[in-house]
Amino acid sequence: MELRIDPSVVAACRSLAARVARPVEEFIAGHSTVAVERSVLRLLGVDGVNAEEIPLPNLLVDSLSPEQRAQGVALAFGRALAETGLEPAALAEEIAAGRTTLAAYDATPAAAARGALAPHVERAMARIAGRREERRAALERAPQGEPPLLYVIVASGNIYEDRTAAVAAAEAGAQIIAVIRSTGQSLLDFVPYGPTTEGFGGTYATQANFAIMREALDVIGEKLGRYIMLTNYASGLCMPEIASMAALERLDMLLNDSMYGILFRDINMKRTFVDQHFSRMLNAYSGIIINTGEDNYLTTADAVEQAPAVLASQFINEEFAHRAGMPDRQIGLGDAYEIDPALQDGFLFQVAQAQLTRQIFPDAPLKYMPPTKHMTGDIFKGHLIDAMFNLTSVMTKQTIHLCGMLTEAIHTPFLGDRALAIENARYVMNTARHFGDEISFKPDGLIETRARDVLRDCRTLLEKVEARGLMDSIAAGVFADVKRPPDGGRGFDGVFARGEGYYNPFEEALRA
Amino acid sequence: MNIGQSGLVKPYGDTLDDGKVQLSFTLPIEWSEAADEAARQLVAKMGFADVQVVEGRRIATGFSFFVVYGSSTQSIDASKIAAPSAKAHAMSMEEIDALLRDRLGRKVRVAGACIGTDAHTVGIDAILNMKGYKGDYGLERYQMFETFNLGSQVAVEEFVRIAKDRQIDALLASQVVTQKGSDVKNFTALVELLEAEDLRDQVVLICGGPRVTNLMAAEMGYDAGFGRGTLPSEVAGFIATRLAERVEKTRGQR
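Residues numbered from 1 in each chain as written. Chains lettered and ligands numbered in written order. Predicted model: local features only at pLDDT ≥ 70, side-chain atom pairs only at ≥ 80, totals over all residues. Heavy atoms only, no water.

### Some remarks on the overall build of chain A
Next up, step 1: Helices and strands together make up the secondary structure of chain A, namely 21 helices and 11 strands.
Next up, step 2: Its C-alpha atoms give chain A a radius of gyration of 23 Å, near enough to 24 Å, the size a compact globule of 512 residues would have.
Next up, step 3: Across its three principal directions, the C-alpha atoms of chain A cover 75 × 55 × 40 Å.
Next up, step 4: Of all 512 residues assigned to chain A, the portion counted as buried reaches 63%.
Next up, step 5: Once local pairs closer than 6 in sequence are excluded, the contacts in chain A between residues at least 24 apart make up 77%. (Helix = DSSP H or I, 4+ residues; strand = E, 2+ residues; numbered from the N terminus. Rg over C-alpha atoms; globule rule 2.2 N^0.38 Å. Buried < 20%, exposed > 50% of the residue type's maximum accessible area, 1.4 Å probe, protein only. Contact = heavy atoms within 4.5 Å.)

### Things to note about the nonpolar core
Next up, step 1: A:Met259, A:Phe273, A:Phe315, A:Leu470 and A:Phe479 are the most contacted members of the largest nonpolar core, which totals 164 residues.
Next up, step 2: When residues no more than four places from it in sequence are discounted, the contact partners of A:Phe273 are A:Val24, A:Ile28, A:Ser258, A:Met259, A:Ile262, A:Phe320, A:Leu470, A:Met471 and A:Ile474.
Next up, step 3: Membership of the second largest hydrophobic core comes to 30 residues, among which are B:Ala86, B:Ile96, B:Val108 and B:Ala170. (Core = buried A, V, L, I, M, F, W, Y, C linked by side-chain atoms within 4.5 Å.)

### Focus on helix α2 (residues 93-103) of chain B
Residue and element names in this part refer to chain B.
Next up, step 1: By the burial criterion, the buried members of α2 are Met93, Ile96, Asp97, Leu99 and Leu100. Mapping the buried residues of α2 onto a view down its axis gives an arc of 160 degrees, with all of them on the same face. Exposed and oriented more than 90 degrees from the buried face of α2 are Glu94 and Asp102.
Next up, step 2: Just past α2, the residue Gly105 takes up positive phi, approximately 70 degrees. (Arc of directions from axis to C-beta.)

### What about the packing of aromatic side chains?
Next up, step 1: In total, this model carries 11 aromatic pairs over all chains according to the counting rule given.
Next up, step 2: With a centroid separation of 5.6 Å and an interplanar angle of 75 degrees, the aromatic rings of B:Phe187 and B:Tyr222 are classed as edge-to-face. Of this pair, B:Phe187 sits in helix α5 (residues 182-196) while B:Tyr222 sits in the loop between α6 (214-220) and β8 (224-226); the two residues are 35 residues apart in sequence, bridging distant segments of the chain.
Next up, step 3: The exposure class assigned to B:Phe187 is buried, which follows from its relative accessible area of 0%.
Next up, step 4: Take B:Tyr222: its relative accessible area is 5%, and that puts it in the buried class.
Next up, step 5: An aromatic cluster of at least three residues, connected via ring pairs, comprises A:Tyr260, A:Phe264, A:Tyr297 and A:Phe479.
Next up, step 6: Lying across the ring of A:Tyr503, A:Arg114 places its NZ or CZ 3.9 Å from the centre.
Next up, step 7: Between B:Arg141 and the ring centre of B:Tyr137, over which it is positioned, the NZ or CZ distance is 4.0 Å. (Phe/Tyr/Trp six-rings, centres within 6.5 Å; stacked < 30°, edge-to-face > 60°. Lys NZ or Arg CZ within 6 Å of the ring centre and 35° of its normal.)

### Quick notes on the environment of A:Ile177
Residue and element names in this part refer to chain A.
Next up, step 1: With respect to the helices and strands, Ile177 occurs in strand β3 (residues 176-179).
Next up, step 2: As a C-alpha pair, Ile177 and Arg99 span 78 residues in sequence and 43 Å in three-dimensional space.
Next up, step 3: Those residues in contact with Ile177 that lie beyond four places of it in its chain are Val152, Val154, Ala166, Ala169, Ala170, Leu217, Ile228, Met229, Leu230 and Thr231.

### A closer look at the interface of chain A and chain B
Next up, step 1: The interface of chain A with chain B comprises 29 residues on the first partner and 22 residues on the second.
Next up, step 2: Note on chain A versus chain B: buried area summed over both sides is about 2000 Å², and carbon and sulfur give 48% of it.
Next up, step 3: Our count for the chain A to chain B interface comes out at 1 salt bridge.
Next up, step 4: We note a salt bridge from A:Glu423 to B:Arg57, for which the minimum N-O separation is 2.4 Å.
Next up, step 5: Linking chain A with chain B are 4 residue pairs in polar contact (both at pLDDT 80 or more), by the criterion used here. (Buried area = accessible area lost by both parts, 1.4 Å probe. Salt bridge = Lys/Arg side-chain N within 4 Å of Asp/Glu carboxyl O. Polar contact = N/O pair within 3.5 Å; in protein donor to acceptor, adjacent residues only side chain to side chain.)

See the structure below:
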């Protein structure tokens, strides 16, 4: 089952994406953000909150003078480490208690700071490498089973309830569990601390919650003889911090998109570009698979019309991920089954798009998202649409399959909803397992023509973006009809130019 | 209309007044034949007769799923039930613009937001954005509306401040997330704050979201509530009609 598409158009799209990303990368290289700096501290071992519940990484980065900040927090922190001889966690506590400040050691030479940082950097890198090795060994011992990998969401707001739901879903056949974040966490400029039992529409992403879920999934995975992957969100204002916590707690996947936050959460574009880069460098090293968010183009606008934008975004996401050192096998590009069910031959269009993505990104673990936009309270129709989505996924060999819920648009999934969704997917994927290998597309038929049209329009769109520049294009509303100015949106005040001598030890270690 | 002998209605399976209802649910117990029986007795205790557990199975350790049929022993007189719709103002964009031009003679200022922590702007965007929803243009497109889409996660206090500062005529509050009643809490907080600021009567206050009903909106003190599938012109028509009525009333008082 192969679409005959022109490889020269695909190659043209890739080189356009490279030209789109290049000027942005120059910007990224000259800047850092408060979130990048906070994740440096987290990796060094700074954690916890003060009496006012302010996370210590925030407290320390916010205490820097503009001159210190332009050098990166590592140097100021490293100077204090060198002078006090304390461990990072203990030093942060001292600063939080007001017994010392990062301003007190400005005279210490940078070389001493680097020297004091080195063992802690090495320890963090070794810990992350150890986590990556644990995953590799676990997957060897207990393989996941064949793709499409069934991915379900838990979202009760209470991490302990989520744990019950996740274990039940794993028993029912889920291979990946994603803990949806509390609504609004993407706009918090800090990561909450500790286990949490209250959230809205989801559960707060905290390092403690990560650890609780990881342990539960390891236990049930051993019991079932199948490694169960854990997913969370490195998106919003704390992308790189979540990426560092995820690396330390062995999450397996992170939702991480180079443009999603800009377009759909009004996060400043410069902030997002810088943050996504460092978070992806971390993800690359920790072996975490990213999931990009192209489904959002389809939920906010017409899915047939937006198909070229989805493909263009996939090319751009791939390019940014490559530039951060990610191999194809960790780049889970997104797509979704969101065409209006009332449209005649809509299923053919879905197949065209899914297969097109599969062929253009053959080594990417594609993430296929279920229908949400056209789901109503009619759970019976919803279950049927989900079945068609499941069929498309298995036919076109998608890798990560987010199971659609019959109660989508009604409530966050009940335990029984999840079981029904997994049964639906297992039934369809089993009964049609090799269907895609047995059929071929009619030459120049509806499906092939649609795929070619989408690819052609994607190239036109990328040409337009390349001509204007990515930042200007986003400002002009080229993507998803959303206009975002380069200096507008949330988190812009947390972006700063790197000064002479800027130092981020992890950036160096990750590049090595 | 099929009305049974009593004048009341019941669910209809294949015979009038058979009362047939299907239920499905999960019980937090390991599946066994006794679990099926537990499900049956539970549904009988809910007041259903002729209960049949047609499917019962284990879906996880300690959890079982059931599909059950029963006959309702209750009935209702549907002719006595009223649920007024806010969508009774079907007008086209041109008609709405004309009505406002004619009766108000000025642009109407509309502000919309996802209030509280809700970050899901799908609904408010469908109503306000130029593009609209299902081929029905959004309020931005109307000549007689000046719109302010404040986006997601707008604190109730901020929303009210903007309403005051920008002299807003109509406020649209959206809530998609309903977990643990967060939608009702936020909607209620908005009404209360508007009342405290003496602004409630100055604005047309509308709530929206997939779980919102007009009845629920009325109970919370809103002028109207719009649920799933609402078209922008339905909201626009309501605002225009309500404002036009207010103008009439003011004239009448003079």
